[in-house]
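Okay, here's what each chain looks like letter by letter:
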Amino acid sequence: MHLLPNGVLLPNLAPLMTEKSPVNWDQIEAKPAFRSLLARKAKFITSATIFFLAYYLTLPVLVGWFPDLMKRPVWGKVNVAYVFALSQFVMAWAVAFVYVRKASAWDKEAANVIKDHH
Amino acid sequence: MSIALSMFVGFVALTLLITFWAAKKNTGASAYFAAGRSITGWQNGLAVAGDYMSAASFLGISGAICLNGYDGFMYSVGFLVAYITVLLIVAEPLRNAGKYTMADLLAYRLKPRPVRALASLSTLTVSTFYMIAQMVGAGVIIEKLIGASFHTAVIGVGILMLVYVVFGGMLATTWVQIIKAILLMIGAFMLSMLVLKHHGYSLDAFFEAVSAATYAGTEAPKNLLQPGLQYGIAVKGPWGPTDFLSLSLALVLGTAGLPHILVRFYTVPDAKTARSSVVWAMAIIGLFYILTTFFGFGAATILEKAQILSDGKPNPNMVAPALAQHLGGELFFAFISAVAFATILAVVAGLTMSASASFAHDFYTNVIHHGKETKPGQEVKVARITAFCVGAVSISIAIYLGPSVNAAFLVGLAFAVAASANLPVIVMSVFWKRFNTTGAVCGLGIGLLSSIVLILLSKNGPAFLGHPFPLENPGIVSIPVGFLAAYLGTILTARDEAAEAKFAELKVRAHTGLGAEKATAH
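Source: prediction; values computed, not measured. (Residues numbered from 1 in each chain as written. Chains lettered and ligands numbered in written order. Predicted model: local features only at pLDDT ≥ 70, side-chain atom pairs only at ≥ 80, totals over all residues.)

Caption draft 1: Up close: the overall build of chain A. Broken down by element type, chain A carries five helices and four strands. The proportion of buried residues among the 118 residues of chain A is 19%. In chain A, of all internal contacts separated by at least 6 residues, the share reaching a separation of at least 24 is 49%. (Helix = DSSP H or I, 4+ residues; strand = E, 2+ residues; numbered from the N terminus. Buried ≥ 20, exposed ≤ 12 C-beta atoms within 10 Å, placed from the backbone. Contact = placed C-beta atoms within 7 Å.)

This is how it looks when you write it as structure tokens:
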């Protein structure tokens, strides 16, 4: 209980203030900010997935069915096959890099969406 | 005591110390199963890298490249690119919406009991095949390096692994992975440097030599940079390229369904750290696999085949240690052997951990006891007992199968099963509102069944089945079948209103981290 200077006795409101209300998931999900975030996320992830899978699977396809192309030398004795294989590492790291940057921006947006719901 | 023996007794002692340190900190389920969720991004990155770079990677790939050239290098490529699947699709939603196991995510809005039961079965299957492969590998290597018999070696590894897991839990296995990853990278660097030094530090000279590899002058020159030495039509017949494609598909999609890798993402405080740990892992793993160029291809220019024979046949597992011995003497050989041993031990611990966690958390607590712990600490106790049983079973099977079973076949099976059974259900659960329990059960069950049946019908299966299936890796068939089963199982059955109603919650949790399991204070 809290005694005000004018003599009024107030109940302790602290527990009520910090009491967690159950999260209204449907309310959050319905927020335009959330839906817009998810739509953009879905678009990026779908395109990135199609890209990396296509780039990656091109390697066994070319190696299997176009071996003569892959055996052509590029630099000294190093052939197309090896260079293409090395490029897969670069591709993977590049996709990861782009994703991390995008995801950091999404983190901030997501934090905004849920900031009143902890 | 030989140097090799002393070195890895030393390493084993160090890891046992870590286990006892972890045992003291291990109170409660969150500590045992998820290391208190206190592992940082770079630590988990190293641990994931350690978990992933099993004996198959260090020993198997260097051997495959040494003997088969470019086709062996494909493993290196596939194993790395697979992490993009993990990064983009699985790691963050998993951390945000789950607790200890992969099934936590799957059962989020679906009926828990059937989904967890099947997910647990799938986890146990994948982990067991993977584990037996490691046990066999361990047995062969230790048999060669210390001279112990295969049986003794397998039992010895099994006992050590059980000590880590039963007493230490996730915290101990995490730190064992981290140390082992560091040692592995050091070993890989040194080995690569020594190979380059042999070629006068000239990349030109190196590739020149690889393109006409003669195994130290003992064989006719072979261009190891050319693809097709293992999977080419001339070597494997008309299905060779398709088999290669099938393997590639299993590799790139399987990692995102490997329970023992996924479970690593529960050990970090939040999804953002899960993300950064994948990136760290990709940097380390990528670098390692690029280095396999040097000690893989290089070995064929330096070693004679006679140096890597066991029982008259080239044993690919011996390439890396033999190379170390040839280029760096006994001390370096001892170091590489200790690293190889540590590699196997760490992975086996990780596998046992995830398999036993799955049984205890998914099956015992959730399926049998409807989600309630009968006594506090019960779940952890069941996990420890399961770890013991799983260890005992895989030791027995490894001994029964003997040193000549094809370990690569078992690991390939694990990847194909993971990609066919687990991945479709993970993806649909997180991204498709209509997905229902029947779909999950069909996806898991039929994915599991199709991949296993096709392996049994392939040339690696038992003779009495006749080997009708032409591919060694079932991925190109079983993965689409798994996705199709999950899809059809959903749309051909009644809508699950409860599951769809909960999708909003799953979406918010998965994509914002609200309500995610927090780190516990030590």
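Here the narrative resumes, following the displayed structure.
Caption draft 2: Examining the overall build of chain B more closely. Across its full length, chain B holds 21 helices and two strands. Radius of gyration (C-alpha) of chain B: 22 Å, near the 24 Å computed for a compact globule of 522 residues. Each principal axis of the C-alpha atoms in chain B carries an extent, and together these give about 70 × 55 × 45 Å. Relative to its full complement of 522 residues, chain B shows a buried share of 65%. A fraction of 81% describes how many contacts in chain B between residues 6 or more apart in sequence connect residues 24 or more apart. (Rg over C-alpha atoms; globule rule 2.2 N^0.38 Å.)

Caption draft 3: Just the packing of helix α15 (residues 319-368) of chain B against helix α16 (residues 378-401) of chain B, in detail. All names here are of chain B. α16 packs onto α15 with a crossing angle of 130° between their chain directions and a minimal axis gap of 8 Å. Comparing the axis directions of α15 and α16 gives the class oblique. α15 and α16 meet at a crossing whose hand is right-handed. Counted together, T352, A355, S356, A357, F359, A360, H361, Y364 and T365 of α15 and E379, V382, A383, T386, A387, V390 and G391 of α16 form the full contact between these two elements. Grouping the constituent residues of the contact of α15 with α16 by class yields nine nonpolar, six polar and one charged. (Axes fitted to C-alpha atoms, helices over the stretch in contact; angles between N-to-C directions. Parallel < 35°, antiparallel > 145°, perpendicular 65-115°, else oblique. Left-handed = near helix turned anticlockwise from the far one by under 90°. Nonpolar A, V, L, I, M, F, W, Y, C, P; charged D, E, K, R; others polar.)

Caption draft 4: Structural detail: the nonpolar core. Core analysis: the biggest nonpolar cluster contains 221 residues, and B:Y83, B:L106, B:V157, B:I285 and B:L323 have the highest contact counts within it. Sorting elements by how many residues they give to this core places α15(B) first, with 31 residues. In this view, B:L323 contacts B:L191, B:F295, B:A299, B:I302 and B:L303; residues no more than four positions away in its chain are not counted. A:W25, A:I28, A:F34 and A:V113 belong to the second-largest nonpolar core, a separate cluster that totals six residues. (Core = buried A, V, L, I, M, F, W, Y, C linked by C-beta atoms within 7 Å.)

Caption draft 5: Layout of the confidence of the model for chain B. Residue and element names in this part refer to chain B. Per-residue pLDDT for chain B averages 84, and the proportion of residues at 70 or more is 95%. When pLDDT is averaged over each element of chain B, helix α19 (residues 475-491) comes out on top at 95 and strand β1 (residues 309-310) at the bottom at 67. As scored by the predictor, the complex reaches a pTM of 0.86 and an ipTM of 0.87. (pLDDT = per-residue confidence, 0-100.)

Caption draft 6: Highlighting helix α4 (residues 55-68) of chain B. If you look at α4(B), its biggest bend is around 25°, right at B:I61. Burial of α4(B) is extensive: 14 of the 14 residues sit out of reach of the surface. (Bend = angle between axes of the 7 residues up to and from the residue.)

Caption draft 7: Region of the structure containing the interface of chain B and chain A. Every contact between the two is made by 38 residues of chain B and, on the other side, 43 residues of chain A. Looking at the side of chain B that touches chain A, the elements with two or more residues in it are α5 (70-97), α9 (203-210), α11 (240-254), α13 (271-297) and α21 (503-512) of chain B. Ranked by residues supplied to the side of chain B that touches chain A, first place goes to α5(B) with 10 residues. Residues belonging to the side of chain B that touches chain A are distributed by class as follows: 23 nonpolar, nine polar and six charged.

Caption draft 8: Quick peek at the environment of B:A188. All names here are of chain B. Of note, A188 is situated in helix α8 (residues 150-198). Residue A188 is classed as buried on the basis of its 25 C-beta neighbours within 10 Å. Linking A188 and G139, residues 49 residues apart in sequence, is a C-alpha distance of 22 Å. Apart from the residues lying within four places of it in its own chain, the contact partners of A188 are F288 and L291.

Caption draft 9: Quick look at the packing of α8(B) against α13(B). Residues and elements named next belong to chain B. Direction vectors running N to C along α8 and α13 enclose 30°, while the axes themselves pass 9 Å from each other. The angle between α8 and α13 falls in the class roughly parallel. Crossing angle aside, the handedness with which α8 passes α13 is left-handed. In contact with A181, M185, A188, F189, L191, S192, V195 and L196 of α8, α13 contributes I284, F288, L291, F294 and F295. Tallied by class, the residues present in the contact of α8 with α13 amount to 12 nonpolar, one polar and no charged.

Caption draft 10: Representation of the environment of B:A499. Residue and element names in this part refer to chain B. Along the chain, A499 falls in helix α20 (residues 497-501). Among the residues examined, A499 registers 22 C-beta atoms within 10 Å and is labelled buried. Separated by 63 residues in the primary sequence, A499 and N436 have C-alpha atoms spaced 6.5 Å apart.

Caption draft 11: Representation of the confidence of the model for chain A within the structure. With 81% of its residues at a pLDDT of 70 or more, chain A shows a mean pLDDT of 84. Contacts from residues 14-19 of chain A, a stretch scored under 50 in pLDDT, to residues over four places away or in other chains number zero contacts.

Caption draft 12: α8(B), seen in detail. All names here are of chain B. In this model, α8 (49 residues) spans only 34 Å end to end at C-alpha, well below the 72 Å of a helix rising 1.5 Å per residue. In the structure, α8 departs most strongly from a straight axis at G168, where the bend amounts to approximately 130°. Immediately downstream of α8, the backbone of G200 shows phi near 65°, a positive value. (Expected span 1.5 Å × (residues − 1).)

Caption draft 13: View of unusual backbone geometry. All names here are of chain B. Look at Y201: it is not a glycine, yet its phi comes out positive at around 55°. Residues other than glycine seldom take positive phi values, yet A216 does so here, at roughly 55°. Assignment of secondary structure puts A216 in the loop between α9 and α10 (233-236).

Caption draft 14: Highlighting the environment of B:A91. Residues and elements named next belong to chain B. Tracing the backbone through its elements, the reader meets A91 in helix α5. Under the C-beta neighbour-count criterion, A91 is labelled buried, with 27 such atoms within 10 Å. Not counting the four nearest positions on each side in its chain, A91 is found in contact with V86, F265, A274, R275 and V278.

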